[in-house]
Each structure stands twice: as C-alpha cells, then as structure tokens.
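Observations on the model geometry
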Amino acid sequence: MVLKVFFPSCCSSADSGILIGRWLSEQSSAVVLAVVHFPFIPVQVKQYLGQVQHLTKVSLSVLGSWSNSKQEKEEGLSEFLEDLGTIFSHEPWIQISKEGDGKFWSCSTLQKHSSSPKEEEVILVYYDQRKVMLSHLHPPLDTGDGRAEDASKLSAIFDTVARSRVLFMTDRYDEGPIKLTHWQSEGVEASIIVELLKQTSVPACMLLTFLLSLVSGICRSRVLKFWPLSFLWSKLSTCEQLGHRLQHLQVISSNKKAQTQTQLMRKANIFVSLLIDVALGILLMSWLYRKNRIGHLADTLIPVADHVAEELQDLLQWLMGAPAGLKMNRALDQVLGRFFLYHIHLWISYIHLMSPFIEMILWYVGLSACLGLTVALCILSDIIALLTFHIYCFYVYGARLYCLKIYGLSSLWRLFRGKKWNVLRQRVDSCSYDLDQLFIGTLLFTILLFLLPTTALYYLVFTLLRLLVVIVQGLIHLLVDLIDSLPLYSLILRLCRSYRLAAGVKFRVLEQQDGKPLRLLMQINPLSYGAVVQTYRLPTYSCYPKDSWASLCKKLFLGELIYPWKHKGEKQE
C-alpha cells in the first residue's frame, strides 16, 4: 500500500511540532495544511480544530509529527513525538523529520492500534500552498481513459486547501495559545487598494443599481411597445447592443454574491470587457473631436454618396442597353431601368436635403462613443444601413420579381406533368387538367420563361451589391461580438497568473534513494488559451441569422430575401 503525503513547501523550514490537515481514506492520502509549534496544550489544539472544522466543513485532524533536527537537537525528542500519537489518536500516525542540512528526509508511519502493522511505502509530495488555494481546477474536456477519476482525486486535494482559508488567517503575530506555520504565517497577505475598493464598491453598486432600475423601468414601459418605437428597437443594432450592455451592468451591480467560481469569473469578465470597451470608446471620441475630424468626415460623406449614386446610374444605363452582348427584353428592360433611375434621383435629392444637418448629426453621434466602442460600431453599422437603403430597396424589388417568376414557372411546370401542390398536406399530388387550363398554362409559362433572363440579370446585379453591404455589416458585428464575448479577465489572468486557471498537475522527481521516501514536486498545469476562451466565453446576441451555406445558396437561387437582422427569440432554421 502506497501512502501519499502532500506537504506544503512553505513548512519545510518550520520548527518542530505536529501536522494538522485532512486524511483522505479513499485515496490513502494525507493533505498537510499547517504545522503547530511547541509549546501547546492538546485540549486547546482540539478545540481550535473543532472551530475551524465548524467554519470550513472540512474534517481536520492531527495527522502526525514534524521534526526539524536543525532546530531541535534535544535528546528524546523523537520519543516524545511518537508519544503524541497516543494523545491525538490517528491511524496511521505520520512522522516526518528533516535531517539537518541534508537533501533527504525520513518519513515513517505508525499504526499502534493495528493487530498486524504493515510497512507502508510513503511518497512525499511538495505543493505550493498559496497557488493551490488560489487556483481553480477545471474538469478535463476529454473524460476518457480514467481522466475523470484522476480529476476527482485532484479536486479533493484542491478543495481541501481552498476551503481551509480560515485556517490561513492566523499568523505568528496573533496573540494566542497556538502558533502555526503556513503560507501566510509571516503575515496575512492583503492590499490596501483592494480593501479600499471593497469599501467603496458597496455604495457605488447601490447607486448604480438604483439608476439601472430606472433605466430598466423606462425600457419596459408601454411607450416603447407601440409600433414605431418597437420596430426601431427590434431592428437597430444600436438598440440591441444597448440592451445587451444594460444586462451586463445589472449583473455587475447586483449585490448577490457569486456562489461558484464560474459566476465570479463571469462577473469579472463582464466588468473588464465593459471597462476596456468604454476606454476604447473614449479614445475614439477624443480622436474624432480633435482637429475637426467630424467636419472633414461630414464634408467627405456627401461627395462619396454622390459618387455611389453616379456609379449606380452608370450601371443601370449599362443594364438598359445590351449588357455583355446579351439580348434582353426591350420593354421590360426599359421599365425596370427607369424605375430604378427614378429611385436614385429621389435618393440624391434626399441626401442633398439632409446635407446641412449631417455635420450636426455626426457631432451628436460621436458623443455616443463614450458608451463604448461597441456602441459606436453598431451606430456605424446602422448608418451604413441607412446610407445604402436604396440598394436594399433595389434588391427587394428585384428579389420579389424574380421569386414570383421562379415560383410561377415551377407551378406551371407541375401543370404540364399533371401535378399540383397540395397546400394542406404539403406535398405534390396528381391532378387532371382540361384543355383550356393547359392552353392558358402554356401561354403563361412561355411569357414568364422569356422574361426570366431580364429579371434574373437585374436580380443578380443588385444581389451582389446587397451581399457586399451585408458583408461589411457582418464584419462590423463580428468585431462587436468579439469584444462582447472575449473573456479578457480570464486571458489576462492566464497570462499573468497562470496557476489560477489549473487544468491539472504534473509531478517532478526531486530526490530518490533506497530506504528513503520518494520526494516529488507537484506543479500546476495551466489551461491553454483556447480552453480559457472556450470555458469562459461570454454569451452574445446575434443580429444575423446563422444560415448554412446550403441554405444561403438555396435562398439566393429561389429569390428569398436575406435580411440583415432577426427578431428576438426567432427560431433559426
């Protein structure tokens, strides 16, 4: 039988005393948490362990004795340490002694109450108590090959050290009957800045909670449920982002304490994400209002809109001729071309009508960057949607006309084959048609078939323009989702204090000699950066429907509309 003793490396130079910790019988392991020094009263030690056990819910006991021969050279010390096993009855009684300045330690076990005592092989494992207490052991992503069982054994050790935090609050400066050695025995680790932030965070969170309750009440009021405001709130990505950030603020300002490590990390990730988002937004705002860049942007916007309109006019003139040598239906081509040219004329008139107010609008829009870079990017996406609204209208007109002809041709093709679409059963059934129906169907099929190339060409051109706008908006929203979902706090923690995010442990052999216990050093394996992002990634809203490539190609071929947004709670295909 192999007995594993987990010994804190901070206690290797401690004075002689007794070892207190937790005995894990199912693993045949002893987790040493601290060393109690001489002199002490056994009754007081038992009372202290009872108090700590009541607070931490961890079954603590005296595991054995610790002898530092460099500090204690009195004769009979070893016999005295063995006799302590009769006072603190624990089976097995562990005896660890350090032999002067030598590299090797001796570790033995006593079983006084056993009828047939057996010599047990002991493995002495050193661990960094501070790192183990502050780290959070994550379950393995791959639970095969007995990894889940090994992870449960390690989690018991990590959990023992983490839950014994109360034990580490007693240092050598405390005036009490018991003197301990652990990782904080030289003084409790604390920070004045952290303590001040804890004191000021309570009234700040109360004020923020009150303000957010007012904002949430306004957002839930009936005024926003009427048609114009509800339509804008559901379609504009800026409103979606503001609602998303409002939920984040409610999570941060909540006075409810995080119950698990995952909830705590989620709060910290949201706080850091908001902080960096606002900082980047303020930098963008300061750049925009410096050297009159907003005025230059407003002066550039009108010529760019005019240039886009002129290019669209040239494109329509090309389509109204003989594009790429294709023979088009002259009448339909002229009607569609003049219809779209009239819309471009209306759009140019609208842009020039709004030109005196564009600089003022941009000046006020730039102030919204103080709410965060993501809000500014969503406003940019909405501005692009408004400036390309005429392209969207062209795309809708062409798609509806093309879709009408495609469905008309498919229905008439079923008529030639003696079939029809059963609306109730959602299937194709057989049907007999008379001569008049077949004659009318033939005429309509011929008309739609010969008009299809002209309609398809307009639909193809405007679909390509629409896809270009959707790609630009999609890239902007990908950047917004990246800022919203990236667990920045976890990544910074992985970079600076990688032991806080533990994926497992590794053991390094320190010394090994016959007749002496094997000494190992337990080191923490941190999570990989990919696993950190996968574990702590924040949920985001999605403005775009997540269609597969096959579904997208089917929609493009049939002329179904590709919307740049989706409604809240809408079920995706």
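Residues numbered from 1 in each chain as written. Predicted model: local features only at pLDDT ≥ 70, side-chain atom pairs only at ≥ 80, totals over all residues. Heavy atoms only, no water.

As named in an unreviewed UniProt entry, the protein is Phosphatidylinositol N-acetylglucosaminyltransferase subunit Q isoform X1, taken from Pipra filicauda.

**Observations concerning the packing of helix 7 (residues 237-253) against helix 8 (residues 261-288)**
Helix packing geometry: the angle between the two helix axes and the distance between the axes. Put simply, helix 7 and helix 8 touch, their axes get as near as 10 Å, and they point 130° apart. Regarding the angle of helix 7 to helix 8, the classification is oblique. Handedness of the crossing formed by helix 7 with helix 8: left-handed. On the side of helix 7, the interface is formed by Arg-245, His-248, Leu-249, Val-251 and Ile-252, while helix 8 contributes Arg-266, Lys-267, Ile-270, Phe-271, Ser-273, Leu-274 and Asp-277. Counted by class, the contact of helix 7 with helix 8 contains 6 nonpolar, 2 polar and 4 charged residues. (Axes fitted to C-alpha atoms, helices over the stretch in contact; angles between N-to-C directions. Helix = DSSP H or I, 4+ residues; strand = E, 2+ residues; numbered from the N terminus. Parallel < 35°, antiparallel > 145°, perpendicular 65-115°, else oblique. Left-handed = near helix turned anticlockwise from the far one by under 90°. Contact = heavy atoms within 4.5 Å. Nonpolar A, V, L, I, M, F, W, Y, C, P; charged D, E, K, R; others polar.)

**Brief notes about the pattern of salt bridges**
This model, assessed by the stated rule, comprises 4 salt bridges. Through salt bridges with shared partners, a single ionic network connects Arg-245, Asp-277 and Asp-484. (Salt bridge = Lys/Arg side-chain N within 4 Å of Asp/Glu carboxyl O.)

**Quick notes on helix 14 (residues 488-496)**
Given 3.6 residues per helical turn, the α-helix brings residues three or four places apart onto the same face. Buried within helix 14 we find Leu-488, Ser-490, Leu-491, Leu-493 and Arg-494. On its buried side, helix 14 packs onto helix 8, strand 12 (501-511), strand 13 (518-526) and helix 15 (529-536). (Buried < 20%, exposed > 50% of the residue type's maximum accessible area, 1.4 Å probe, protein only.)

**Thoughts on the environment of Val-132**
With respect to the element layout, Val-132 can be found in helix 3 (residues 129-134). It is 8.7 Å that separates the C-alpha atoms of Val-132 and Ile-157, two residues lying 25 residues apart in sequence.

**Side note on a nonpolar patch on the surface**
On the surface, Phe-357, Met-360, Ile-361, Trp-363, Tyr-364 and Leu-367 cluster together into a nonpolar patch covering about 600 Å² of accessible area. Turning to its location among the elements, Phe-357 is positioned in helix 10 (residues 330-367). Here Phe-357 falls in the partly exposed class, since its relative accessible area comes to 42%. (Patch = residues over 30% accessible without salt bridge, like charges linked within 9 Å, V, L, I, M, F, W, Y side chains within 5 Å. Areas by Shrake-Rupley, 256 points an atom, 1.4 Å probe, with all protein chains shown as cover.)

**Digging into helix 9 (residues 293-319)**
For helix 9, with 27 residues, the first-to-last C-alpha span of 39 Å sits near the 39 Å given by 1.5 Å per residue. Three or more residues of helix 9 are buried, namely Ile-294, Gly-295, Ala-298, Ile-302, Ala-305, Asp-306, Ala-309, Leu-312, Leu-316 and Leu-319. Where helix 9 is buried, its residues contact helix 8, helix 10, helix 12 (389-416) and helix 13 (435-485). (Expected span 1.5 Å × (residues − 1).)

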